[in-house]
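So the chains spell out like this:
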Amino acid sequence: LIPASLQREMLTSSPAFVTPEVLLASSLEGERRHVLPLLSQEVRPASKSTGASKAAAGAAVSSAALIVAAGCQRCRKAKGRIGSTVRAAQLVKDEGVVTIDANGRFRFRASSAMENSFEDQCVDEEAMLAQSTFPIKPDDLVKRCKEVLAAGVGTKDQGADFADDFEFCAPVVGPITKKEYLQALGTFKILDAFPDSNSNYHFFRVDPFEPDRVWFQTRKTGTNTGEFMGKPATGKVLHFPPESYSMKFNSDGKVREFTVGYVMDRRAGNTGGLGGAFGYFYGVGRPLPIPECQPYKKSWQFRFLNFMAKVGKRFQGVKVQK
């Protein structure tokens, strides 16, 4: 993995920690995948030192030597876990993160240097969108999304706003094609059953990671005053939980993807935590006889795991809240 000459240079280097330049040089073309797998290894706890000579010997071993030795042995097992070589170099250089114990083993300290700060984890949305090459600008894309919604997303124009490769996808239903989606629209007739239905659209924004995609949310309400799925009106007033929707466009402004019904808080509303069409079924008291059309319920496997976790805590002397 690393030329012998470079290994000798690294082993004879005097600094206790590898500089970014040395580590970058050692990565080699096409072999960068072998750097971070080593850094992500869980280090075995060090045994107690047996003497000053052992400690001195351990301290004399440079980080570079350990990286080469351990990396050559472990890199093949860690294949596929790819990371940033530059970031690896920064971690190894930081003495607050990587140290060497008396036995010559890596030890990683619980240091904030291994974590990104909160500011580092917040992307600059405006800068990302400004660098986008998608031809439709964010403000215009949001406007286009609202136009499609105003046209009923296919209910009023038979899909004139849809691209040929249009797909519809919900948490359970889909993805389905343009033809299948348009056929399904005539099945439920939501507006006939809930004539005062209001989606309460809000929070329109363009995704900085997918600049051709607009995300938005709903808080649907509606009163069942009309016949629904062949059943008489119930008069029930429905309040849906907050749901996440999105539309993805092509460069011509046609909708390529439409996603709906992704509930953001199943505790809200009175539709059993269900969104989309399933929320209407449950809300009027006529849920479909399938698990997907029922409020969330833990599986027996999940309940069993929770039970075993509580048993384990009791054996450890941990007080378990009932």
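Look above for the structure.
All values derive from a computational prediction rather than experimental measurement. Every chain is numbered independently, its residues counted from 1 as its sequence is written. With the structure being a predicted model, the display of local features is reserved for residues of pLDDT at least 70 and the display and counting of side-chain atom pairs for 80 or more, all residues being used for whole-chain, interface and lining totals. To obtain the side-chain values, all non-hydrogen atoms of the structure were used and water was disregarded.

Asker: An account of the nonpolar core is requested, with residue identities and associated values reported.
Answerer: If you look at the biggest cluster of nonpolar residues, it comprises 24 residues, and the most contacted ones within it are Met247, Phe249 and Phe258. Only DSSP runs of H or I reaching four residues or more are called helices, and only runs of E reaching two or more are called strands; each is numbered from the N terminus. At the level of secondary structure, the elements contributing two or more residues to this core comprise α9 (138-150), β3 (162-169), β6 (213-218), β9 (243-249) and β10 (255-263). A per-element tally of this core places α9 first, with five residues. Residue types Ala, Val, Leu, Ile, Met, Phe, Trp, Tyr and Cys, when buried and joined through side-chain atoms within 4.5 Å, form a set referred to as a nonpolar core. To sort residues, take the accessible area from a 1.4 Å probe on protein chains only and compare it with the maximum for the residue type: under 20% means buried, over 50% means exposed, and anything in between is partly exposed. Residues Ile190, Phe240, Phe278 and Val284 belong to the second largest nonpolar core, which totals 12 residues.

Asker: Explain the packing of aromatic side chains to me, using residue names and the numbers behind them.
Answerer: Any pair of Phe, Tyr and Trp rings, taking the six-membered ring for Trp, is counted once the centres come within 6.5 Å. Such a pair is stacked with planes under 30 degrees apart, edge-to-face with planes over 60 apart, and tilted for the rest. Tallied over the full model, the rule gives 16 aromatic pairs. When the ring of Phe194 is compared with that of Tyr280, the centres are 4.8 Å apart and the planes differ by 50°; the resulting orientation is tilted. Of the two residues, Phe194 sits in the loop between α11 (190-193) and β5 (202-206) while Tyr280 sits in helix α12 (residues 276-283), which places them 86 residues apart along the sequence. For the pair formed by Phe194 and Tyr280, the shared burial category is buried. Counting every residue linked through ring pairs, the aromatic cluster contains Phe162, Phe166, Phe168, Tyr181, Tyr201, Phe204, Phe216, Tyr245 and Phe258.

Asker: Quick one: what's the story with the environment of Gly261, residue by residue and with numbers?
Answerer: With respect to the helices and strands, the residue Gly261 is situated in strand β10. Take Gly261: its relative accessible area is 7%, and that puts it in the buried class. Each C-alpha atom of the pair Gly261 and Ser246 lies 9.8 Å from the other, and the pair is 15 residues apart in sequence. Two residues form a contact once any of their heavy atoms are found within 4.5 Å. Excluding residues that lie within four positions of it along the chain, Gly261 makes contacts with Pro171, Glu243, Ser244, Tyr245, Gly275 and Gly276.

Asker: Can you tell me about α9, naming the residues and giving the values?
Answerer: Working note: α-helix, 3.6 residues per turn, so residues spaced by three or four point in the same direction. Expected helix span is taken as 1.5 Å per residue step, with the number of steps being one fewer than the number of residues. Taking 1.5 Å per residue as the helical rise, α9 with its 13 residues ought to reach 18 Å, and the 18 Å between its terminal C-alpha atoms agrees with that figure. For α9, the complete set of buried residues consists of Leu141, Val142, Arg144, Cys145, Val148 and Leu149. Buried residues along α9 cover an arc of 160° about the axis, so they all sit on one side. Summarising the geometry of α9, the exposed residues directed more than 90 degrees from the buried face are Asp139, Lys143 and Ala150. Residues of α9 that are buried make contact with β5, β6, β9 and β10. The positive-phi residue at the C-terminal boundary of α9 is Gly152, with phi of around 85°. The arc in question is the one traced by the directions running from the helix axis out to the C-beta atoms.

Asker: Account for the pattern of salt bridges, with residues named and values stated.
Answerer: Basic side-chain nitrogens of Lys or Arg form a salt bridge, by our definition, when they fall within 4 Å of a carboxyl oxygen of Asp or Glu. This structure, assessed with the given rule, holds seven salt bridges. Arg144 is the salt-bridge partner of Asp161, the closest N and O atoms lying 2.9 Å from each other. Of this pair, Asp161 sits in the loop between α9 and β3 while Arg144 sits in helix α9; the two residues are 17 residues apart in sequence, bridging distant segments of the chain. Using a relative accessible area of 14% as the deciding quantity, one classes Asp161 as buried. A salt bridge links Glu210 to Arg213; the nearest nitrogen and oxygen atoms lie 3.1 Å apart. Of the residues examined, Glu210 reaches a relative accessible area of 23% and is grouped as partly exposed. Within the structure, one salt-bridge network assembled from shared partners comprises Arg144, Glu147 and Asp161.

Asker: Quick one: what's the story with the layout of surface pockets, residue by residue and with numbers?
Answerer: In this analysis the probe radius is 1.4 Å and the grid spacing 1 Å, with only protein atoms considered; a cavity is a set of points the probe fits into but cannot get out of, a pocket is an open set with protein on both sides within 12 Å along at least five of seven lines, and lining residues have an atom within 4 Å of a point. Grid points are joined across faces, edges and corners, and a volume is the space filled by probe spheres set on the points. There is about 1,500 Å³ of room inside the largest pocket. Taken together, 49 residues make up the lining of the largest pocket; nearest its centre are Ile190, Tyr245, Gly276, Ala277 and Tyr280. Secondary structure elements with two or more residues in the lining of the largest pocket: α10 (178-188), α11, β10 and α12. For the lining of the largest pocket, the element with the highest residue contribution is α10, accounting for six residues.

Asker: Describe a nonpolar patch on the surface, listing the residues and the values that go with them.
Answerer: Residues with no salt bridge and a relative accessible area higher than 30% make up the patches, which join like charges within 9 Å and nonpolar side chains (Val, Leu, Ile, Met, Phe, Trp, Tyr) within 5 Å. Per-residue and other accessible areas were derived by the Shrake-Rupley procedure at a 1.4 Å probe size, with only the shown protein chains allowed to occlude residues. Together, Trp300, Phe304, Phe307 and Met308 make up a nonpolar patch on the protein surface, roughly 480 Å² of accessible area in all. Mapped onto the elements of the fold, Trp300 is located in helix α13 (residues 300-315). In this structure Trp300 comes out as exposed when scored by relative accessible area, which is 58%.

Asker: Just give me the short version of empty space enclosed by the protein, but keep the residues and values in it.
Answerer: Here the structure, examined in full by the defined rule, presents two cavities of 30 Å³ or more. Taken together, Leu129, Ser132, Phe134, Ile136, Lys137, Pro138 and Pro211 make up the full set of residues lining the second largest cavity. Across the lining of the second largest cavity, the residue classes tally to five nonpolar, one polar and one charged. Just so you know the grouping, Ala, Val, Leu, Ile, Met, Phe, Trp, Tyr, Cys and Pro go in nonpolar, Asp, Glu, Lys and Arg go in charged, and all remaining residues, Gly too, go in polar.

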